[in-house]
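Structural features, examined
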Amino acid sequence: MAKLEQAELYSLTIKKALAKEITQKVAAEKLGISDRQVRRLIVKYKEIGEKAFYHQNGGRLSHNKKIPAELADEIADDYIAEYGDYGFQHFYEEHGYEYGISQQSMVNIFKTHDIISPYAQHKTVKLYYEKMENATKEGTITEPEKKLYKLRKEEEVEKHFRRSVLHYAFGEEVQMDASINIWFGDIESALHLSVDRATKNFLAGYFDYEETTNGYLNLLIIQSINYGFPKRIKTDKRNSFSINNAKSSKSSLNVTQFGRICEDLEIQLTSNSNPLFKPNIERANGTFQRRLIAELRHEGITNIDDANKYLNEVFIPKMNKRFAYEVNPNKNVMRPNTYTQEELNFIISIRYERKVDNASSIKFLNIYYLPIDLETGEVMSFKSGTKCTVVVTYDKKLYGIINGETYFLYKLEIQTNGNKASKNGFKPSPNNPWRRYRI
């Protein structure tokens, strides 16, 4: 009996058994099979229909029969052109079976055409890369092969993304820390460093002779100019970030100079002394110690200015190219910097509380200053005891905030012309601003 006739007989008999025109036992006797096989055919027929009665290898070429070269090329080109992101089994189930060959025959075709699965093992991927690189150099690689090669390289990068890359967006969390070492020359210095958790990009670095608030302010302004403002910054619990008796003007939380700046920039600052709280920056410190010290020595760099220049212009860009992931525009919460440089310098500043004395001046670091109106240039006078916030900007300019208004602080020169103190105290010279602008 021909296979087609046999399939039609099976179909007709099973359908009669389903319609209860005959019993399953009669169907088994008619087909020459067991009752159990009849039940299996009924279940299969309900699942896939008429295909249940045809052999799964029906119409396929024999394994022992050579597949024509034209057909093999067609299958390979079809996969590269439309299904390059499919696994081999997935491709076969969706489309490959239509060529009338087995899955193993299809896989053999792909092997002879240097096509690898997106789920290939690392060893296979490495050999594939070598073949494609050689073919590229020799000029024997075809356009479809170039397309697939590019796709496989992109998939390999995606495959090795860490979980944090998938769970975090660029700018969602930045970690900061400082590492003390003999980085250059023969004295210890502190490398302040910030890294983005999601992409592993090193955002900024700064050398100072000690771990200082100024070092972290330099990190903040460098990364603000180059990247913008992150959503959150994680640090340890050193005094630059956490002091028990420092209160925030905007909340009941303790805050430092750095913390106040983060509040002004709408950045959430969190601190914890556990190294596991910021693992990325801890690992980065070890990587920089192994690589940067050697490179600075090799370059003959022994002073801090040259070290900072090499760090940000050469070393960090090279490390980002080697280890960091590209920023996904769809997963970027870094807020762009819309401030002018002058505005940013004013925000990233150190501030101190002082009081105006009875001569309407402010004493800061044993030097007296007069508040000057920024628009008119006039010396301003205030009642003794009025509170003044002295602002030391990032570029070292001095301003005073009094009653919510900002003024430039004019430095009073110390008189050395022989004036002596009278019974009532020091007598100002005729051209002293205290006389000239007295109200």
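Preceding block: the structure.
Residues numbered from 1 in each chain as written. Predicted model: local features only at pLDDT ≥ 70, side-chain atom pairs only at ≥ 80, totals over all residues. Heavy atoms only, no water.

Focus: the overall build of the protein
Broken down by element type, the protein carries 15 helices and 11 strands. The long-range fraction of contacts in the protein, counting pairs at least 24 apart against all pairs at least 6 apart in sequence, stands at 61%. (Helix = DSSP H or I, 4+ residues; strand = E, 2+ residues; numbered from the N terminus. Contact = heavy atoms within 4.5 Å.)

Quick word on the pattern of salt bridges
For the structure on display, the rule yields 10 salt bridges. For Glu295, the salt bridge goes to Lys318, with nearest N and O atoms at 2.8 Å. Of the two residues, Glu295 is situated in helix H12 (residues 279-298) and Lys318 in helix H13 (residues 304-323); the sequence distance between them amounts to 23 residues. The exposure class of Lys318 is partly exposed, given its relative accessible area of 39%. Where salt bridges share partners, they join Glu173, Arg197, Arg232 and Lys234 into one cluster. (Salt bridge = Lys/Arg side-chain N within 4 Å of Asp/Glu carboxyl O. Buried < 20%, exposed > 50% of the residue type's maximum accessible area, 1.4 Å probe, protein only.)

Here's the deal with the sheet that holds strand S2 (residues 189-196)
The mixed open sheet is built from five strands, whose spatial order is S3-S2-S1-S4-S5. The strands lining the two open edges of the sheet, one partner per strand, are strand S3 (202-208) and strand S5 (268-271). In this sheet, neighbouring strand axes are inclined to one another by 20 degrees on average, regardless of whether the strands run parallel or antiparallel. As judged from the two bridges shared by strand S1 (residues 174-181) and strand S4 (residues 232-235), these two strands associate in the parallel manner. For Gln175, the partnering residue across the bridge sits in S4 and is Lys234. Those strands touched by helix H11 (residues 257-264) are S1, S4 and S5, and its axis lies near 145 degrees from that of S5. Helix-sheet contacts for H13 involve S2 and S3, and the interaxial angle to S3 is about 160 degrees. (Pairing = 2+ DSSP bridges. Axes fitted to C-alpha atoms, helices over the stretch in contact; angles between N-to-C directions.)

What about unusual backbone geometry?
If you check the backbone angles, Ser360 has positive phi at about 60 degrees while not being a glycine. Relative to the helices and strands, Ser360 is located in the loop between strand S6 (350-355) and strand S7 (362-364). With a relative accessible area of 8%, Ser360 lands in the buried category. Unlike most non-glycine residues, Leu365 shows phi in positive territory, near 55 degrees. Structurally, Leu365 is set in the loop between S7 and strand S8 (367-373).

Overview of the sheet that holds S8
Taken in spatial order, the six strands of this open sheet run S6-S9-S10-S11-S8-S7, and their pairing is antiparallel. Bordering the open sheet on either side are S6 and S7, each of which pairs with just one other strand. Across the sheet, the axes of successive neighbouring strands diverge by a mean angle of 40 degrees, strand direction being ignored. Here six bridges tie S6 to strand S9 (residues 387-392), and the two strands are oriented antiparallel to one another. Paired with Lys355 across the bridge in S9 is Lys387.

Quick word on the packing of helix H2 (residues 24-31) against helix H3 (residues 35-48)
Interhelical geometry of H2 versus H3 gives an angle of 105 degrees and a closest axis separation of 8 Å. As far as their axial angle goes, H3 and H2 are roughly perpendicular. Packed against H2, whose contacting residues are Gln24, Lys25, Ala27 and Ala28, the element H3 presents Asp35, Val38, Arg39 and Ile42 at the interface. When grouped by side-chain class, the residues that make up the contact of H2 with H3 number four nonpolar, one polar and three charged. (Parallel < 35°, antiparallel > 145°, perpendicular 65-115°, else oblique. Nonpolar A, V, L, I, M, F, W, Y, C, P; charged D, E, K, R; others polar.)

Describing the packing of aromatic side chains
Throughout the structure, instances matching the rule amount to 23 aromatic pairs. Both rings, one in Phe184 and one in Phe207, keep their centres 5.3 Å apart while their planes meet at 85 degrees; by these two values the pair is edge-to-face. Of the two residues, Phe184 is situated in the loop between S1 and S2 and Phe207 in strand S3; the sequence distance between them amounts to 23 residues. Phe207 carries the same exposure label as Phe184, and that label is buried. Consider the rings of Phe202 and Phe288, whose centres lie 4.9 Å apart with planes at 70 degrees: the pair is edge-to-face. Here Phe202, found in strand S3, pairs with Phe288, found in helix H12; they are 86 residues apart in sequence, far enough to count as distant. Note on Phe202: relative accessible area 6%, which makes it buried. Take Phe288: its relative accessible area is 0%, and that puts it in the buried class. An aromatic cluster is defined as three or more aromatic residues linked by ring pairs; in this entry it consists of Tyr79, Tyr83, Tyr86, Phe88, Phe91 and Phe110. Over the face of the ring belonging to Phe277 we find Lys234, whose NZ or CZ atom lies 4.3 Å from the ring centre. (Phe/Tyr/Trp six-rings, centres within 6.5 Å; stacked < 30°, edge-to-face > 60°. Lys NZ or Arg CZ within 6 Å of the ring centre and 35° of its normal.)

Here's the deal with helix H10 (residues 213-226)
Here H10 spans 20 Å end to end across 14 residues, near enough to the 20 Å set by a 1.5 Å rise per residue. Along H10, the positions that sit buried rather than exposed are Gly215, Tyr216, Leu217, Asn218, Leu219, Leu220, Ile221, Gln223 and Ser224. Phi turns positive, to about 120 degrees, at Gly228, one or two residues after H10. (Expected span 1.5 Å × (residues − 1).)

Some thoughts on the pairing of S9
Across the six residues of S9, five count as buried, placing the element largely inside the fold. Sheet topology note: the S9/strand S10 (residues 398-402) ladder contains four bridges and is antiparallel. Note that in S10 the partner of Thr389 across the bridge is Ile401. Linking S9 back to S10 in an antiparallel pair, the connection comprises five residues, with Lys396 at a positive phi of about 70 degrees.

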